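# Notes for the structure review
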Amino acid sequence: METDVLIIGGGVIGSCIARQLCRYHLDITLVEKQSDVCMGTSKANSSMVHDGYNIDGHKLKGRLCLEANTMYEKMCRELNVDYRPATGSIFAGFTEDHLAIMKQQLENSKTNGLSGLYIANHDQMMALEPNISREVQYGLVNPNTGTINPFDLTMALAENAVMNGVKVFLETEVTNIHTRKGKIESVETNIGRFKPKVIINAAGLYSDKIAGMVEKVDGYIHPRKGSYFLYDKKWGDHVKHCIYSPPTPVSKGMIMVPTTEGNILAGSNAVEVNDREDFATVGAEMDEIYSHTIHRLFPKMPRMGEVITAFAGLRAASNTEDFIIGHAKTVPAMINLIGIQSPGLSSAPAIARMAEELVRETGEDLDFSERPDYNPNRPAPVILRNMDPETRSALIQKNPDYGSIVCRCETISKGEILDAIRRPIPARNLDAIKRRTRAGMGRCQGGFCGPRVVGILEEELGITPLNITKRGGRSNILLDKTKDLSLLEGGANSEKIQL
Ligand SMILES: Cc1cc2nc3c(=O)[nH]c(=O)nc-3n(C[C@H](O)[C@H](O)[C@H](O)COP(=O)(O)OP(=O)(O)OC[C@H]3O[C@@H](n4cnc5c(N)ncnc54)[C@H](O)[C@@H]3O)c2cc1C
């Protein structure tokens, strides 16, 4: 298939680039190897929109993070994404050494052109965070740290791109790239060949491998795992700001984040791993997160019982510890984005703008005139739990599916699940429904609503429940019919043993 621009990777970066470019008369294709967008690092992070106060503004990641600050609000307004720019963060300190680091970071924030930060004393800290440990002596308060739901953002970016003509191919893995005399010939995938004029490599943890399909690359990824606890919404009010514990040599310090949905996210540590698919949460590491950060900062928060899930994400750390963004050396029409670790989520709109500049520089025959029908807005999805009672009952009157609650923990209706299946990038499995609606993200983690969501998918897609998966591929929810059912139907499985 011929296309102007082929974007590899449907994380926040690939999706943001697709949206950035879809305003022009360009034919754009995005390929994602997994069964949905936002299944890589973009789904497992601290969900903070950093303003760049503690970052080296001379590094590319510092420059882009600072630049993106000015773009975030408009982007989220257009996309109807819940962005909380003023959640605020506090680096909590216990010792004079921590105070010294705070003073350096405060100076750094000024160098980066930021204002509003200050160092709070013990009493001010107790007023700002009534539940924090009495041992906390100081706090570097930054009112400009934001929070966002990274699935919502990535999904909204990708959906808006699709609304503006971008073609998205899921379960489509790039396996090789053919070039000749510095030009792209074709891109091989598991579903066939693409012939793009320009390739944008936004493949996250695999971006060095994709770059290596074209030439020997200097940049490489060494994955660094970060694990999290997610606390029940009951604890949502216990922590008011994003609270950093004191830093370590490899991390900015771990963090407690009050999420936009009202949970508390606590993590993440930083552990170098060899396997790019190692998402295991390890007991000893979780203990360290609990004792180093959660218990030390908020002693009343329990280790067990109130944690509804634990998960890990992998940072695509590069050998330079900076973003490596640019043309491939021997193939100018190939643009690599390697090492997009934190603050990649925060920097996404500025990274996308930089990617556009690089596409323009390729010299390929591309039409950069603006499309008159370009629409930067994505309609807000129906979110029943956020509605006032009158609006909610008016909606239910019009469509009773919104009155049928499927996920009790998060108050998600059948209507919202059907919407997710019918959205511009349709949800086709349980996790895809979960990312779009939160059905299964509550305290019971899908124990109650899971079977009902399977039923709705079955009904709406007209497929057997045996083909419904958790997250695509071979993650089938049901393996076989029970002996009783098969016998009743007299089918081929009638002799199989119940699983
Ligand atoms: C623990 C942790 C905490 C973080 N906290 C923050 C934070 O608070 N704030 C912040 O700004 N940033 C944070 N980050 C960083 C941020 O999450 C990342 O920078 C960002 O999500 C990177 O997005 P991406 O699109 O580059 O990667 P991804 O989301 O990983 O997307 C890449 C996509 O490429 C696909 N892909 C790979 N290979 C192929 C192939 N061969 N063919 C087709 N598709 C392919 C993958 O399946 C994947 O979906 C954190 C990261 C981690 C791990």
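Reference entry: report on the structure contained in this document. The structure displayed is predicted, hence computed values, not measured ones.

## Topic: the site of the ligand
Residues in close proximity to the ligand total 40 residues, the closest being Gly11, Gly40, Gly204, Gly226 and Gly344. Looking at the shell around the ligand, the elements with two or more residues in it are helix H1 (12-21), strand E18 (307-315) and helix H9 (344-361). Classifying every residue of the shell around the ligand by side-chain character gives 16 nonpolar, 20 polar and four charged.

## Things to note about the packing of helix H11 (residues 414-422) against helix H13 (residues 449-461)
Helix packing for two helices is described by the angle between their axes and how far apart those axes are. Between H11 and H13, whose axes approach to 11 Å, the crossing angle comes to 50°. Viewed along their axes, H11 and H13 adopt a mutual orientation that is oblique. By crossing handedness, the relation of H11 to H13 is classed as right-handed. On H13, the residues that touch Lys414, Ile417, Leu418 and Ile421 of H11 are Val453, Ile456, Leu457 and Glu460.

## Regarding the pairing of strand E5 (residues 89-93)
If a strand is regular, its side chains alternate between the two faces of the sheet. Summarising burial for E5: five of the five residues are buried, a large majority. Neither face of E5 is exposed, since Ser89, Phe91 and Gly93 on one face and Ile90 and Ala92 on the opposite face are all buried. Pairing geometry for E5 and strand E7 (residues 138-142), over five bridges, is antiparallel. Opposite Gly93, over in E7, you have Tyr138 as the bridge partner. Sheet topology places E5 next to strand E14 (residues 242-244); three bridges connect them, and they run parallel. Across the sheet, the residue bridging to Ile90 is Ile243, located in E14.

## What to know about the sheet that holds strand E8 (residues 146-148)
Pairing is antiparallel in the open sheet, where three strands are placed in the order E3-E8-E4. Single-partner strands in this sheet number two, and they are strand E3 (48-49) and strand E4 (83-84). Strand direction decides the pairing type here: E4 and E8, joined by two bridges, are antiparallel. Bridging from a neighbouring strand, Arg84 pairs with Thr147 of E8.

## Description of unusual backbone geometry
Put simply, Gly267 and Ser268 share a cis peptide bond, and its omega is -20°. Tracing the chain through its elements places Ser268 in the loop between strand E16 (264-267) and strand E17 (271-272). Put simply, Ser342 and Pro343 share a cis peptide bond, and its omega is 10°. On the secondary structure map, Pro343 appears in the loop between strand E20 (334-338) and H9. Backbone geometry places Ser47, a non-glycine residue, at a positive phi of 60°.

Rules used in this analysis
Residues numbered from 1 in each chain as written. Predicted model: local features only at pLDDT ≥ 70, side-chain atom pairs only at ≥ 80, totals over all residues. Near = placed C-beta within 6 Å. Helix = DSSP H or I, 4+ residues; strand = E, 2+ residues; numbered from the N terminus. Nonpolar A, V, L, I, M, F, W, Y, C, P; charged D, E, K, R; others polar. Axes fitted to C-alpha atoms, helices over the stretch in contact; angles between N-to-C directions. Parallel < 35°, antiparallel > 145°, perpendicular 65-115°, else oblique. Left-handed = near helix turned anticlockwise from the far one by under 90°. Contact = placed C-beta atoms within 7 Å. Buried ≥ 20, exposed ≤ 12 C-beta atoms within 10 Å, placed from the backbone. Pairing = 2+ DSSP bridges.

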